[in-house]
Amino acid sequence: MKLSHVLWTIAAGIAGLGAAWAHGGATGIVKERMDAMTEISRNVKLVGQMLKGNAAYDGVEIARAGQAIATHAGDAMIKLFPEGSLKAPSEASPSIWNEWTQFSGYADSLQTSAQSLKGLAEQGADQKAVAAAFGKMAGTCKACHEAFRIKK
Ligand code: HEC
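Residues numbered from 1 in each chain as written. Predicted model: local features only at pLDDT ≥ 70, side-chain atom pairs only at ≥ 80, totals over all residues.

### Regarding the overall build of the protein chain
Stated precisely, the cut-off is as follows: Each helix is a run of DSSP H or I of at least 4 residues and each strand a run of E of at least 2, with the numbering of both proceeding from the N terminus. What counts as a contact here is a pair of residues whose C-beta atoms, placed from the backbone, lie within 7 Å.
Along its length, the protein chain carries 6 helices and 0 strands. Each helix and strand of the protein chain, ordered N terminal to C terminal, gives the series α-α-α-α-α-α. Contacts spanning at least 24 positions in sequence make up 71% of the contacts within the protein chain whose residues lie at least 6 apart.

### Some points on the site of the ligand
Note the following rule: What makes a residue near a molecule or strand is its C-beta atom, placed from the backbone, lying within 6 Å of it. In this classification, Asp, Glu, Lys and Arg are treated as charged, Ala, Val, Leu, Ile, Met, Phe, Trp, Tyr, Cys and Pro as nonpolar, and every other residue, Gly included, as polar.
Near the ligand, the surroundings consist of 24 residues, among which M34, M37, S90, C141 and C144 are the closest. Counting residues per element, the ones that place at least two in the shell around the ligand are α2 (28-51), α5 (100-122) and α6 (127-148). Top contributing element to the shell around the ligand by residue count: α2, with 8 residues. Among the residues forming the shell around the ligand, the class breakdown is 16 nonpolar, 5 polar and 3 charged.

### Considerations on α5
Put simply, the rule reads: In this scheme, a helix's expected span is set at 1.5 Å multiplied by one less than its residue total. Partly exposed residues are those falling between the two cut-offs: more than 12 but fewer than 20 other C-beta atoms within 10 Å of their own, whereas 20 or more means buried and 12 or fewer means exposed, with C-beta atoms placed from the backbone.
Along its 23 residues, α5 runs 33 Å from first to last C-alpha, staying within 8% of the 33 Å computed at 1.5 Å per residue. Along α5, the residues classified as buried are F103, Y106, A107, L110, Q111, S113, A114, S116, L117, K118, L120 and A121. Next to the buried residues of α5 lie α3 (59-72), α4 (74-78) and α6.

### Points about the nonpolar core
One recurring pattern in soluble globular proteins is that nonpolar side chains are buried together. For the record, the criterion: As used throughout, a nonpolar core is a set of buried Ala, Val, Leu, Ile, Met, Phe, Trp, Tyr and Cys residues joined through C-beta atoms within 7 Å of each other.
I62, I69, A73, A114, L117 and V130 are the most contacted members of the largest nonpolar core, which has 27 residues in total. Those elements that provide at least two residues to this core are α2, α3, α5 and α6. Apart from residues no more than four positions distant in its own chain, L117 is found in contact with I62, G66, V130, A133, F134 and M137.

### With respect to α3
Relative to the 20 Å expected for 14 residues at 1.5 Å per residue, α3 spans 20 Å between its end C-alpha atoms, a close match to the ideal helical length. Buried within α3 are the following residues: I62, A63, A65, G66, I69, A70 and H72. Those residues of α3 that are buried lie in contact with α2, α4, α5 and α6. G74, located one to two residues past α3, shows a positive phi value of around 55 degrees.

### Some details on the environment of K45
Secondary-structure assignment places K45 in helix α2. Here K45 falls in the exposed class, since 12 other C-beta atoms lie within 10 Å of it. Along the chain, K45 and A65 lie 20 residues apart, while their C-alpha atoms are 9.7 Å from each other.

### Considering the packing of α2 against α3
Defined as follows: Axis definition: a line fitted to C-alpha atoms, limited for helices to the stretch in contact. Angles are taken between N-to-C directions and run from 0 to 180 degrees. Note on terminology: angles under 35 degrees are roughly parallel, angles over 145 are roughly antiparallel, angles of 65 to 115 are roughly perpendicular, and the others are oblique. Throughout, a crossing is termed right-handed when the near helix is turned clockwise from the far one, and left-handed when it is turned anticlockwise from it by less than a right angle.
Contact geometry of α2 with α3 gives a least axis separation of 9 Å together with a crossing angle of 155 degrees. Taken together, the axes of α2 and α3 are roughly antiparallel relative to one another. Between α2 and α3 the crossing geometry is left-handed. In this structure, α2 contributes A36, E39, I40, N43, V44, L46, V47 and M50 to the contact, and α3 contributes E61, I62, A65, A68, I69 and H72.

### Describing the confidence of the model for the protein chain
Just so we agree on the cut-off: For every residue, the predictor states its confidence as a pLDDT score lying anywhere from 0 to 100.
Per-residue pLDDT for the protein chain has a mean of 88; in total, 84% of the residues score no lower than 70. Counting interchain partners and residues more than four positions distant, the pLDDT-below-50 stretch residues 10-23 has 3 contacts.

### Some details on the packing of α5 against α6
It is at 9 Å that the axes of α5 and α6 come closest, and there the two elements cross at 165 degrees. In this view, α5 runs roughly antiparallel relative to α6, as classed from their interaxial angle. Relative to α6, the crossing made by α5 is left-handed. For the pair α5 and α6, contact is made by Q102, F103, Y106, S109, L110, S113, A114, S116, L117, L120 and A121 and by A129, V130, A133, F134, K136, M137, T140, A143, C144, A147 and F148, respectively.

In structure tokens:
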């Protein structure tokens, strides 16, 4: 390979890296699940702001957010974790695949709790009941992250 060609290849490689890092460096399935988690998190924050009284309470919006979270949970979430998908900058723990039953159980219980949040908001349940369902749902995020997400 000619030197000019080698330099060109390196330059192209670095440019490629730069583009990837602009998106946090994640690619492929790792990026897909980070995007899904970010979308979940956006909906959780929206509801959290309402329940904290920092935004006007809107049951219709909460039901929509609950549905959005449920859509990304359960099987949809599990599918984003094919065995061994730990490519940097993933924060996923390798123990996910040793403790798959527990991991997928968290994904399922997130779906169930997001659906019950949605149901309560839709029925116009009082804010206390909605907040309790929200707390239960948020507990699932925390439990799964404590077990299977590693701060790197
Ligand atoms: C079944 C387990 C599980 C559940 C349930 C779960 N997460 Fe996660 N979450 C993870 C794992 C594992 C990662 C790390 C993924 C990676 O970096 O490859 C993660 C990453 C994230 C991230 C970081 C995304 C990024 O761009 O790096 C956010 C934000 C997040 N989760 C929010 C939430 C919220 C909010 C909930 C609950 C409503 C939730 N997650 C429920 C396992 C879970």
